[in-house]
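Residue-level structure breakdown
So the chains spell out like this:
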Amino acid sequence: MAHTNKELVRELREVGYIKTDRIAEAFMAIDRAFFVPQELQSRAYENVALPIGDAQTISQPLVVAFMLELLGLQEGHKVLEIGTGSGWKSALVAFLIKTSSQTSHPKPCMYSMERIPALSHGARNAIESAAPDLLSYITFIEGDGSKGYERGAPYDRIIAAAASDHVCEAWKNQLIIGGRIVAPIGESIVVVDKTGKDVFEQREYYGFSFVPLIKGE
Ligand code: SAH
C-alpha cells in the first residue's frame, strides 16, 4: 500500500493504469492528500475512493488515471467537467491543458460543475493550497451539469465523475467535431467520439462503480 504520493504514482504505473509520462507528471504535481479530509489523511494514498462529505467521494486513483488516459487531453484544450467533488481531478485536468509559456495556444480553460456548493468551495480552497497557479484556468460553476454549460461551449473534451444511464444529449451538442466525452454510465466508463455533426462513436469499459449523477435540481 502506498504511503506517499510518489508511491501511489509508482503503483498506478506498475498496474498499468498510468500509461503516459505526462499523466504521471500530473499525478506527481497534484498531491492527493490536499483533497482528502483531515481525518482521513493517513489513507490519502490508498488506491480507494474516500468520503469527502455530503455523501460524496474522492474517486479511486486508478479510475481517475484510467479516465484521464482515455480523455487524451492536450495543451490548450477547452474542457467541461461535471462533478467537481474534491477538485482533485479538476486540478489534474488543469495541469494537463495548461500551456508552457513557449507555445502560442490560446489560454486554456475549463469549467467545473458541481451541484453541492460546499464541495465546489472546498475544491477551490484545496486547489489554492495544492497548486495555486492552476486556479486561473478553472471556472467553478455551481449547478446541475446534466445540461452541460452552454456559455462555455463548444468543448474539446468533456469528463463526468457521476454516473447516469445514458450520455446526456447536451454534452454531445456542446462538443466540437473531433471532440471526446469520457463518462461513467451505469457500471461502465464510456468514451464517445464526435466524428461529424450528430455522428458519434462509442466504446465501453465495464466494471466500475460511481456515485449517481443527480439531475434537475
Ligand atoms: N473526481 C471527483 C469525484 C467526485 S464524485 C473527485 O475525485 O473528487 C462526483 C461528484 O459529482 C459529486 O461531488 C456530486 O455532488 C457531483 N454531481 C452529481 N450529480 C451532478 C450534477 N447533475 N451536476 C453537477 N455535479 C453533480
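Above this text you will find the structure in question.
First things first, this report covers the structure right here in the doc. (Residues numbered from 1 in each chain as written. Predicted model: local features only at pLDDT ≥ 70, side-chain atom pairs only at ≥ 80, totals over all residues. Heavy atoms only, no water.)

Another point: the overall build of the protein. Helix and strand counts for the protein stand at six helices and nine strands. By the compact-globule yardstick of 17 Å for 217 residues, the protein fits well, its C-alpha radius of gyration being 16 Å. By its C-alpha atoms, the protein is 45 × 40 × 35 Å across when sized along the principal axes. The 217 residues of the protein split such that 55% are buried. Accessible area for the protein stands at about 10,000 Å²; split by element, carbon and sulfur atoms hold 51% of it. (Helix = DSSP H or I, 4+ residues; strand = E, 2+ residues; numbered from the N terminus. Rg over C-alpha atoms; globule rule 2.2 N^0.38 Å. Buried < 20%, exposed > 50% of the residue type's maximum accessible area, 1.4 Å probe, protein only. Areas by Shrake-Rupley, 256 points an atom, 1.4 Å probe, with all protein chains shown as cover.)

Neighbouring residues of the ligand: 23 residues in total, closest Ser86, Glu114, Asp144, Gly145 and Ile214. Between the ligand and Glu114 there is a distance of 2.6 Å, counted from an oxygen atom to a side-chain nitrogen or oxygen. Ile214 places a main-chain nitrogen or oxygen 2.7 Å from a nitrogen atom of the ligand. Out of a free accessible area of 580 Å², the ligand has 99% covered by protein chains. For the ligand, the cavity whose grid points lie within 2 Å of the majority of its atoms is the largest pocket. Looking at the shell around the ligand, the elements that each hand over two or more residues are β2 (56-58) and β4 (109-114). In terms of residue count, β2 provides more of the shell around the ligand than any other element does, three residues in total. (Near = heavy atom within 4 Å. Polar contact = N/O pair within 3.5 Å; in protein donor to acceptor, adjacent residues only side chain to side chain. 1 Å grid on protein atoms, 1.4 Å probe; cavity = no way out; pocket = protein on both sides within 12 Å on 5 of 7 lines; lining within 4 Å. Sits in = over half its atoms within 2 Å of the grid points.)

It is worth spelling out the pattern of salt bridges at this point. Inspection of the entire model under this criterion finds seven salt bridges. Measuring nitrogen to oxygen at the nearest pair gives 3.1 Å for the salt bridge that ties Glu25 to Arg22. Of this pair, Glu25 and Arg22 both sit in helix α2 (residues 21-29), three residues apart, which is roughly one turn of the helix. You can call Glu25 partly exposed: its relative accessible area is 41%. Judged by its relative accessible area of 31%, Arg22 is partly exposed. For the salt bridge of Asp198 with Lys197, the shortest nitrogen-to-oxygen distance reads 3.7 Å. The exposure class of Asp198 is exposed, given its relative accessible area of 56%. Owing to a relative accessible area of 66%, Lys197 belongs among the exposed residues under this scheme. (Salt bridge = Lys/Arg side-chain N within 4 Å of Asp/Glu carboxyl O.)

On to the sheet that holds strand β5 (residues 138-142). Pairing is mixed in the open sheet, where seven strands are placed in the order β5-β4-β3-β6-β7-β8-β9. Looking at the sheet topology across the chains shown, the edges are occupied by β5 and β9 (199-206). Along the sheet, successive strands turn relative to each other by an average axial angle of 15°, direction set aside. Sheet strands in contact with helix α3 (residues 61-71) are β6 (155-160), β7 (175-185), β8 (188-196) and β9, and its direction is about 160° off that of β7. Strands β4 and β5 of the sheet are contacted by helix α5 (residues 117-130), whose axis makes an angle of about 165° with β5. (Pairing = 2+ DSSP bridges. Axes fitted to C-alpha atoms, helices over the stretch in contact; angles between N-to-C directions. Contact = heavy atoms within 4.5 Å.)

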